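# Working through the structure, step by step
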Amino acid sequence: MERADGVDHHQDIMSESDDQEAKWVQDSSVDHKGNLPNRASTGVWKASLFIITIEFSERISFFGIATNLIMYMTRVLHQDLGQAAKNVNYWTGLSTLMPLVGGFLADTYTGRFTMVLFSSLIYLMGLSLLTMSEFIPSLKPCEIVGKCIQARKIHEVVFFIALYFISIGTGGIKPCLESFGADQFDDNHPEERKQKMSYFNWWNSALCCGLLLGVTVIVSIQDNLSWGIADLVLAIFMAVTLVIFYLGKPYYRYRMPDGSPVKPMFQVLVAAFTKRKLSPPSNPSSLYESPMSKMSQGRLLCHTSGLRFLDKAAIIEEEENMGSNKKIKNQNQNPWRLQTVTRVEEMKLVLNMIPIWLTSLTFGINVAQSSTFFVKQAATMNRQISNNIIIPPASIYSIGAIAMILSVTIYDKMLVPYLRRATGDERGLTILQRIGIGLVFSVFAMVVSALVEMKRLKIVEQEIENRTKTMLSMSVFWLAPQYTVLGMGDAFTLVGMQEYFYDQVPDSMKSLGIAFYLSVIGLGSFLSSFLIIIVDHITGKICDHKSWIGKDLNMSRLDNFFWLLAALNVLNLCVYVLLARKYTYKNVQGRVVQTVGDCHNKDDGVELIA
């Protein structure tokens, strides 16, 4: 139908719709007043910079504490190497598993902004308590610094309480802050979607800059001035960036919690089991789907052919035909009996993630070495640059951070544009390809670590045999290759995992998605501690009572432990490649898709998220 002036009325409607989309963000987010966000004044980089600022501060604090923690426990608390390594791994592990709790609470009840704000205050309390444990006389580790062989019990208690306050704060900040930053980009807007892909790269660059300052400036203050001054600096910095984060409130786009994201998963399983005797239909268009207009948040997902047993949850048992439309007689259907295709596909997404998550755990074990055994290696080596400058052991960690920053920058600015042209993929490489490349780097990192440790032990043996001769100790920069290779691997695996666990989870589980990624690092730390216990027990029995991991690093065989990790990484990589080749990515319906069956044709308006 045309108007008298010859202009198609349908085109006018489409033009008006495009104008509305250009002005207002219509992805279920709201502004700070609860209205539709204005695209020009909210979100994207202007909002993300406020969010990245507090991440920068949190990473300075976390890595300033974490990378030198093993030195504090051995030098100040006077714990032996094995006990100190286990305590560091327990704390790191809990700090990266707590986000599962924080992410669930944010997605279900509080929303991301509120959770970040509340958790940052808890984090600040932990830093303040650490500071007090160093300055209040009755809480200090010793009456006279450096003159005791055992720290006071009260100091240990306050110290660990403060550490676990920081863990709790991390549990709310880490899953919500990164996903809150990603929420500032509209997936339905082509330009913002591309910016979002770069967002994860630059997020990690900010993370690494914070890490770099933490392991250089903060660690230097700890080693050369005092732990108390370092804690005070961190507390002040966190307080300042918390205020900056709050000032960005008018510029943010917010997603309101939409109830428990876990309950629908159980409903799909129960519905599928209840109808287990039914056969899935050959035509997926006969499965039940809710109209887009009835969805409060999220997007409709297309049907996929995997895990067909779950499709039974969307089979309509009672229906009546009204023309070409199928309608459920009881509009208030029981969700434990009937679920939509989108809910079924969300369940499939979570189940498909489990194997990928499991094959990422060896990477988490590798990461645990960089803040424990790598740092202890550095402590035994020649760290002197000049007569007056000695590198703190934990500062060697900065090499890995620099390698990651450079790798991320080169990948984002140089490789991605070329790969987009070569592969036709919007990302350049698919997410799982990027993670896989990082896992290959992890294998080489452990091989290099083993070779360097063999060299270090050989020099130690020579120095013991030639005590009367003047021999230079092995330079700490021999550790640079293993940190560099591991940092390059982080640029692929860490960034890839962040993007994977954010993009491939259901829309209602974005905070939990980041928590799943963090749990890889957390569980990797626990598995590292468990592996240390097993290796120590077995090698202590079969190697003439000389454990690979003894109290004295120079009398241990850490090289064999690294070879073991390299072998585990190779086996894991083989399994990962098999899983990645068969993986089906999230498949989101475009706006013109009308039925489930249309999803199989990309020309019909399907947007593939891969």
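Presented here is a report on the structure given in the accompanying data block.

Rules of the game
Residues numbered from 1 in each chain as written. Predicted model: local features only at pLDDT ≥ 70, side-chain atom pairs only at ≥ 80, totals over all residues. Heavy atoms only, no water. Helix = DSSP H or I, 4+ residues; strand = E, 2+ residues; numbered from the N terminus. Buried < 20%, exposed > 50% of the residue type's maximum accessible area, 1.4 Å probe, protein only. Contact = heavy atoms within 4.5 Å. Areas by Shrake-Rupley, 256 points an atom, 1.4 Å probe, with all protein chains shown as cover. Core = buried A, V, L, I, M, F, W, Y, C linked by side-chain atoms within 4.5 Å. Phe/Tyr/Trp six-rings, centres within 6.5 Å; stacked < 30°, edge-to-face > 60°. Lys NZ or Arg CZ within 6 Å of the ring centre and 35° of its normal. Patch = residues over 30% accessible without salt bridge, like charges linked within 9 Å, V, L, I, M, F, W, Y side chains within 5 Å. Salt bridge = Lys/Arg side-chain N within 4 Å of Asp/Glu carboxyl O. Axes fitted to C-alpha atoms, helices over the stretch in contact; angles between N-to-C directions. Parallel < 35°, antiparallel > 145°, perpendicular 65-115°, else oblique. Left-handed = near helix turned anticlockwise from the far one by under 90°. Nonpolar A, V, L, I, M, F, W, Y, C, P; charged D, E, K, R; others polar.

### Considering the overall build of the chain
Secondary structure summary: the chain contains 18 helices and 4 strands in total. Split into buried and exposed, the 610 residues of the chain put 53% on the buried side. Long-range contacts, defined as pairs at least 24 residues apart, comprise 79% of the intrachain contacts of the chain with a sequence gap of at least 6. As displayed, the chain has an accessible area near 27400 Å², and 62% of this comes from carbon and sulfur atoms.

### Re the nonpolar core
Membership of the largest hydrophobic core comes to 144 residues, with the highest contact counts inside it found for Ile-65, Phe-245, Tyr-500, Phe-561 and Phe-562. Ranked by residue count, the leading element in this core is helix 16 (residues 480-503), at 12 residues. Leaving out residues up to four positions away in the same chain, Phe-245 has contacts with Phe-50, Ile-51, Ile-54, Phe-113, Val-116, Leu-117, Leu-177, Phe-180 and Tyr-252.

### Quick look at the packing of aromatic side chains
The geometry of an aromatic ring pair comes down to the distance between the two centres and the angle between the two planes. Following the criterion strictly, the structure yields 32 aromatic pairs and no others. Just above the ring of Phe-273 sits the side chain of Arg-276; from NZ or CZ to the centre is 4.3 Å.

### Examining a nonpolar patch on the surface
The grouping of Phe-135, Leu-225, Ile-229, Leu-232, Val-233, Ile-236 and Val-240 at the surface amounts to a nonpolar patch, some 610 Å² of accessible area in total. Take the nonpolar patch: its biggest share by element is 5 residues, from helix 9 (residues 227-247). Along the chain, the position of Val-240 falls in helix 9. For Val-240, a relative accessible area of 44% puts it in the partly exposed group.

### What about the packing of helix 12 (residues 361-370) against helix 17 (residues 510-542)?
In contact at an axis separation of 7 Å, helix 12 and helix 17 are set at 70 degrees when each is read in the N-to-C sense. Taken together, the axes of helix 12 and helix 17 lie roughly perpendicular to each other. Crossing handedness for the pair helix 12 and helix 17: right-handed. Within the contact between the two elements, helix 12 uses Leu-361, Phe-363, Gly-364, Ile-365, Val-367, Ala-368 and Gln-369 and helix 17 uses Val-520, Ile-521, Leu-523, Gly-524, Ser-525, Leu-527 and Ser-528. By residue class, the composition of the contact of helix 12 with helix 17 is 9 nonpolar, 5 polar and no charged.

### Thoughts on unusual backbone geometry
Positive phi values are uncommon outside glycine, yet Leu-307 reaches one of about 45 degrees. Structurally, the position occupied by Leu-307 is in the loop between helix 10 (263-274) and strand 1 (319-322). Overall, Leu-307 belongs to the partly exposed group, its relative accessible area being 40%.

### Structural notes on the pattern of salt bridges
According to the stated counting rule, one finds 14 salt bridges in the structure shown. A salt bridge links Asp-107 to Arg-112; the shortest N-O distance between them is 2.8 Å. For the pair shown, Asp-107 and Arg-112 are each scored as buried. Connected via shared salt-bridge partners are Arg-39, Asp-186, Glu-192 and Arg-253.

### Considerations on the side chain of Lys-376
With respect to the helices and strands, Lys-376 occurs in helix 13 (residues 373-379). When residues no more than four places from it in sequence are discounted, the contact partners of Lys-376 are Ile-70, Met-71, Thr-74, Leu-81 and Leu-553.

### A short note on the packing of helix 12 against helix 18 (residues 558-581)
Running from N to C, helix 12 and helix 18 cross one another at 155 degrees; their axes reach a closest spacing of 10 Å. By the criterion of interaxial angle, the relationship of helix 12 to helix 18 is roughly antiparallel. As helix 12 packs across helix 18, the resulting crossing turns out to be left-handed. The residues of helix 18 that touch helix 12, namely those facing Thr-362, Ile-365, Asn-366 and Gln-369, are Phe-561, Phe-562, Leu-565, Leu-568, Asn-569 and Asn-572. Of the residues assigned to the contact of helix 12 with helix 18, the class counts are 5 nonpolar, 5 polar and no charged.

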